[in-house]
Amino acid sequence: MKYGLIGYSGKMGKAIKELFDKNGHKLVYWKDSEKEEEIEKPEIIIDFSIKSAFLETLRIIEEKEVPLIIGTTGLDENDFEKLREISKKVPVIQSFNFSIGINIMTELLKKMNDFIDDSYDIEITETHHRFKKDKPSGTAILLKNIIDKEVEEIHSKRLGSEFGEHEIEFATTGEIIKLTHRAYSREAFTKGVLLSAKRINNLENGLYTFKEILMR
Ligand code: NAD
């Protein structure tokens, strides 16, 4: 497949290109904060860049009319409204976390709602490398929204080169349950991006989560 990459020189951009190269896909359009180049029209565009580039990304998708996979975090409800709008013209897959493991964890978390009552204290902690710009992580917000009970705040740690750890603790008197997911490398996310790229051209126009793609 011929693909475009927005944020190509970033940590995720490089990791995506490495995996896509290995699988025989060709980068034909790339963009970052300083450079934009196209050698052929891409069949899909992948955006792992920065929230401030979001409107530019939409303009590019509008102009090229190609499906979009977007993993950039920090998007708000206003941005989602715009994604819904553009997804009337092309398929869009969005997720704050393209790891298969995290998406399995969201299913376990939903199940926890059946068992956890008011006797439990619930805490969410996310840990990421020191360069991560948004806080709390998009994934931590996603996990918080699944839990039926009130979780007052998300604890965020920025530590060294940690790829990403999310932990939810459910504690009552006498015992504690911990659900933890840890990404060992960026491959945790890039495998999900590759899976999405393989499936996106078979989708009707619309806005899809990575989990919907995974469960197909
Ligand atoms: P990074 O800082 O290493 O890279 C950011 C990239 O965006 C750079 O290449 C930079 O040049 C580019 N950029 C900045 N302004 C731009 C503009 N105006 N137009 C185009 N490109 C621009 O960050 P990273 O670790 O690679 O992460 C990128 C994004 O992906 C972040 O939002 C991060 O939170 C998110 N992320 C999402 C997932 C997921 O599974 N959804 C996983 C990891 C990271």
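Before going into details, it helps to say that this report is about the structure given with it. Quantities reported herein were computed from a predicted structural model and do not represent experimental measurements.

Rules and cut-offs
Residues numbered from 1 in each chain as written. Predicted model: local features only at pLDDT ≥ 70, side-chain atom pairs only at ≥ 80, totals over all residues. Heavy atoms only, no water. Helix = DSSP H or I, 4+ residues; strand = E, 2+ residues; numbered from the N terminus. Polar contact = N/O pair within 3.5 Å; in protein donor to acceptor, adjacent residues only side chain to side chain. Contact = heavy atoms within 4.5 Å. Core = buried A, V, L, I, M, F, W, Y, C linked by side-chain atoms within 4.5 Å. Buried < 20%, exposed > 50% of the residue type's maximum accessible area, 1.4 Å probe, protein only. Arc of directions from axis to C-beta.

**Things to note about the side chain of Glu169**
Note on placement: Glu169 falls in strand β9 (residues 165-172). Polar contacts involving the side chain of Glu169 include one to the side chain of Lys178, which spans 3.5 Å. If sequence neighbours within four positions are ignored, Glu169 has contacts with Asp121, Ile122, Glu123, Thr125, Ile176, Ile177 and Lys178.

**Structural notes on the nonpolar core**
Grouped together as the largest cluster of nonpolar side chains are 25 residues, with contacts concentrated most on Ile16, Phe20, Ile46, Ile69, Ile93, Phe98 and Val193. When contributions to this core are tallied by element, the ones reaching two or more residues are β1 (2-6), α1 (11-22), β2 (26-31), β4 (44-47), α6 (187-200) and α7 (210-214). Examining the composition of this core, we find that five residues originate from one element, α6, more than from any other. Not counting the four nearest positions on each side in its chain, Ile93 is found in contact with Leu68, Ile69, Ile70, Phe98, Ser196, Ile200, Leu203, Tyr208, Thr209, Phe210 and Ile213.

**A closer look at helix α2 (residues 54-64)**
Since the α-helix packs 3.6 residues into each turn, any two residues three or four apart lie on the same face. When α2 is considered as a whole, its buried residues turn out to be Phe54, Thr57, Leu58, Ile60, Ile61 and Lys64. Projected onto a plane normal to the axis of α2, the buried residues spread over an arc of 160° and lie on a single side. Turned more than 90 degrees away from the buried face of α2, the exposed residues are Leu55 and Glu63. Among the structural elements, β1, β2, β3 (36-38), β4, β5 (68-70) and α3 (77-86) are those in contact with the buried residues of α2. Glu65 sits one or two positions beyond α2 and adopts a positive phi of about 50°.

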